[in-house]
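Residues per chain are reported as follows:
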Amino acid sequence: MEKKKLSISFSGGRTSAFMTQWLLKNKSDEYDFLITFANTGKENEETLKFVKKCDEYFNMNVVWLESVFNPIRGKGIRSKVVSFETASRNGEPFEAFISKHGIPNSAAPACSSRLKKECIDSYKKDNGWRKTHTAIGIRIDEIDRMSENKEKFRLVYPLISMIPTTKYDINAFWKKMPFDLGLKSYEGNCDCCWKKSFRNLMTIAKENPQKFDWWKNMQDKYENYIPEGSLQNTKLIGRKRRFYRGEKSVSDLFEMSNQPFEMAVDLSYDIPKYKQIDLFNEKLDSSNGCEESCEAY
């Protein structure tokens, strides 16, 4: 019997890694797999190390990818293959995106699509995987994060349909492993992602203020830039474009962090504590430290 093809979008997080190793262990007789990791250039270094360790430990054969942007309007995104050693670490793909499409924020949330989905799709198209289904690491306890376009994009959710898995199951699995992601639950893969809650961002600002250096540099460089495709929108003229909700600047976040607030809690391992807190505040934490999904699809 000929195997079916299933591509796996490995985000670099604990849940995605669990899903990937489970599929390899339990479904290799049914599927041939293509495992991709799309690097934005703003992943925490711990994320890159975790992807490398998972690749080696579970024999994943991960294809590391980065988006390549053509500055000409209407020209699509291509992908290039990189490695742990050559992966961008100073936001190069992300800035290439910003220089063409402008600063992403809640009003223009295109970074995940451009830097991840379209990058992976380009590679799949070039390598004979164009119309295959893609496995996404979303758990049964976050079922509301499934894409509304799952049929259109041929998405499957193994941790919902094949092995219903919760955050607590993920925590328990990694607690027993000889290595782990090495990030606090609120830090997430993309170091200062605008999708993080203010509480998470303020906590990072207190603990690791240098992580905002790149974001401030991008803000200062591009906050007045209007992409070519938006020049007809008079509402944007004379209006600064910033990453964070409410058009908050990086300086605004630092001012907020200097006021009294309740610091974010790391819920990576303390499973009973996570359950207790979650009963009272289900949005206190998420799998990637963000209030919105950063999944490629």
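Above this text is the structure in question.
By convention here, each chain's residues receive numbers from 1 onward along its written sequence. Per-residue local features are limited, in this predicted model, to residues with pLDDT of at least 70; the limit for side-chain atom pairs, both in listing and counting, is 80 or more; totals at the level of whole chains, interfaces and linings are taken over all residues. Only hydrogens and water are set aside when side-chain values are computed; all heavy atoms of the structure are taken into account.

Colleague: I tried to follow the overall build of the protein on my own but got confused; where do I start?
Modeller: The secondary structure listing takes helices from DSSP runs of H or I that are at least 4 residues long and strands from runs of E that are at least 2 residues long, numbered from the N terminus. Secondary structure summary: the protein contains 10 helices and 6 strands in total. Of all 297 residues assigned to the protein, the portion counted as buried reaches 51%. The contact rule is simple, with two residues in contact once any of their heavy atoms fall within 4.5 Å. Contacts in the protein between residues far apart in sequence, at least 24 positions, make up 72% of those at least 6 positions apart. Under the scheme applied here, a residue whose accessible area is under 20% of the maximum for its type counts as buried, over 50% as exposed, and between as partly exposed, the area being computed with a 1.4 Å probe on protein chains only.

Colleague: What is the right way to look at the packing of aromatic side chains in this model?
Modeller: The description of an aromatic ring pair uses the distance of the two centres, along with the angle that the planes make with each other. Aromatic rings from Phe, Tyr and Trp, with only the six-membered ring used for Trp, were paired whenever their centres fell within 6.5 Å, and each pair was classed as stacked if the ring planes differed by under 30 degrees, edge-to-face if by over 60, and tilted otherwise. Inspection of every chain in the model, using the stated rule, returns 22 aromatic pairs. Ring centres 6.3 Å apart and planes at 55 degrees place the aromatic pair Phe58 and Phe179 in the tilted group. Pair noted here: Phe58 is in helix H2 (residues 45-58) and Phe179 is in the loop between helix H6 (167-175) and helix H7 (198-207), with a separation of 121 residues, a long-range link. A single burial state applies to Phe58 and to Phe179, both of which are buried. These aromatic residues form a ring-pair network of at least three members: Phe69, Phe94, Phe97, Phe212, Trp214, Trp215, Phe243, Tyr244 and Phe254. A ring is scored as having a charge over it whenever the NZ atom of a lysine or the CZ atom of an arginine sits within 6 Å of its centre and within 35 degrees of its normal. The ring of Trp129 has Lys5 lying over it, and the distance from NZ or CZ to the ring centre is 5.0 Å. The ring of Phe153 carries Lys117 above its face, with NZ or CZ at 4.5 Å from the centroid.

Colleague: What exactly am I supposed to notice about the sheet that holds strand S3 (residues 63-68) here?
Modeller: Sheets are built from strands that pair by backbone hydrogen bonding, the pairs being arranged parallel or antiparallel. Strand order in the open sheet formed by 6 strands is S4-S3-S2-S1-S5-S6, with mixed pairing between adjacent strands. Only two strands of the sheet have a single neighbouring strand rather than two, namely strand S4 (78-82) and strand S6 (155-156). At least two DSSP bridges between two strands are required for those strands to pair. The pairing of S3 with S4 spans 5 bridges and is antiparallel. Among the inter-strand pairings, Val68 is bridged to a residue of S4, identified as Arg78.

Colleague: In this structure, what is going on with the nonpolar core? I would like to understand it.
Modeller: Soluble, globular proteins show a tendency: their nonpolar side chains are buried together. In this description, a nonpolar core means a group of buried Ala, Val, Leu, Ile, Met, Phe, Trp, Tyr and Cys residues linked to one another through side-chain atoms lying within 4.5 Å. Phe10, Leu23, Cys54, Val62, Trp64 and Trp174 are the most contacted members of the largest nonpolar core, which totals 31 residues. Those residues within four positions of Trp174 in sequence are excluded, and the remaining contacts are Arg14, Ala17, Phe18, Phe50, Cys54, Phe58, Phe179 and Asp180. By size, the runner-up hydrophobic cluster in this structure holds 26 residues, among which are Phe69, Tyr186, Cys192 and Leu253.

Colleague: I'm lost on a positive patch on the surface in this one. Help?
Modeller: On the surface, a cluster of positive charge is made up of Lys125, Arg130, Lys131 and Arg154. On the secondary structure map, Lys131 appears in the loop between helix H4 (111-126) and strand S5 (133-135). Of the residues examined, Lys131 reaches a relative accessible area of 64% and is grouped as exposed. To count toward a patch, a residue needs a relative accessible area over 30% and no salt bridge; like charges are then connected within 9 Å, while nonpolar side chains (Val, Leu, Ile, Met, Phe, Trp, Tyr) are connected within 5 Å. All accessible areas in this document rest on Shrake-Rupley with a 1.4 Å probe, and a residue is counted as covered only by the protein chains that are shown. We count a salt bridge whenever a side-chain nitrogen from Lys or Arg sits within 4 Å of a carboxyl oxygen from Asp or Glu. Charged-residue counts in this description rest on Lys and Arg as positive and Asp and Glu as negative, His and the chain ends being excluded. By convention, charge coordinates are those of NZ in Lys, CZ in Arg, CG in Asp, or CD in Glu.

Colleague: Which parts of the structure should I look at to understand unusual backbone geometry?
Modeller: Trans is the common state for peptide bonds, and a negative phi is the common state for residues other than glycine. Even without being a glycine, Asn61 presents a positive backbone phi close to 60 degrees. With respect to the helices and strands, Asn61 occurs in the loop between H2 and S3. For Asn61, a relative accessible area of 62% puts it in the exposed group. One non-glycine residue, Glu247, lies in the positive phi region at around 60 degrees. Considering the arrangement of structural elements, one finds Glu247 in the loop between helix H8 (213-222) and helix H9 (250-257). According to the relative accessible area criterion, Glu247 is partly exposed, its value standing at 36%.

Colleague: How should I be thinking about the state of the cysteines in this particular structure?
Modeller: Structurally, a disulfide amounts to a covalent bond that connects the sulfur atoms of two cysteines. Cysteine sulfur atoms are paired as a disulfide whenever they come within 2.5 Å of each other. Enumeration according to the criterion identifies 0 disulfides in this entry. Looking at Cys190, it has no disulfide partner, and the nearest cysteine sulfur is the one in Cys193, 4.8 Å off.

Colleague: How do you make sense of the pattern of salt bridges when you look at a structure like this?
Modeller: Side-chain pairing between opposite charges can occur once the charged atoms of the two side chains come close. Going through the model one piece at a time under the given rule, you end up with 21 salt bridges. The salt bridge partner of Arg14 is Asp180, with a shortest N-O separation of 3.1 Å. Of this pair, Arg14 sits in helix H1 (residues 14-27) while Asp180 sits in the loop between H6 and H7; the two residues are 166 residues apart in sequence, bridging distant segments of the chain. Summarising the burial analysis for this pair, Arg14 and Asp180 share the class buried. Here the salt bridges share partners, and the residues they tie into one network are Arg139, Asp141, Glu142 and Arg145.

Colleague: For this particular structure, what's the right way to read the environment of Arg242?
Modeller: On the secondary structure map, Arg242 appears in the loop between H8 and H9. Sequence-wise, Arg242 and Pro104 are 138 residues apart; in three dimensions their C-alpha atoms are separated by 7.6 Å. Polar contact is defined as a pair of N or O atoms within 3.5 Å, subject to the rule that within protein one atom must be able to donate a hydrogen and the other to accept it, and that residues adjacent in sequence are counted only when both atoms are side-chain atoms. In this structure the side chain of Arg242 is engaged in a polar contact, spanning 3.3 Å, whose partner is the side chain of Glu223. At 3.4 Å, the side chain of Arg242 forms a polar contact with the backbone oxygen of Glu247.

Colleague: What is the right way to read the packing of H1 against H6 from this model?
Modeller: The angle between the axes and the distance between the axes are what describe a pair of packed helices. Running from N to C, H1 and H6 point in directions that differ by 75 degrees, and their axes come no closer than 10 Å. Taken as axis vectors, H1 and H6 run roughly perpendicular relative to one another. Residues Arg14, Thr15, Ala17, Phe18 and Gln21 of H1 form the contact with H6, whose participating residues are Ile170, Phe173 and Trp174. Any residue that is not Ala, Val, Leu, Ile, Met, Phe, Trp, Tyr, Cys, Pro, Asp, Glu, Lys or Arg is counted as polar, Gly included; the first ten are nonpolar and the last four charged. When grouped by side-chain class, the residues that make up the contact of H1 with H6 number 5 nonpolar, 2 polar and 1 charged. Axis geometry follows a simple rule: fit a line to the C-alpha atoms, using only the stretch in contact for helices, then measure angles between N-to-C directions, giving values from 0 to 180 degrees. For classification purposes, an angle smaller than 35 degrees is called roughly parallel, one larger than 145 roughly antiparallel, one from 65 to 115 roughly perpendicular, and anything else oblique.

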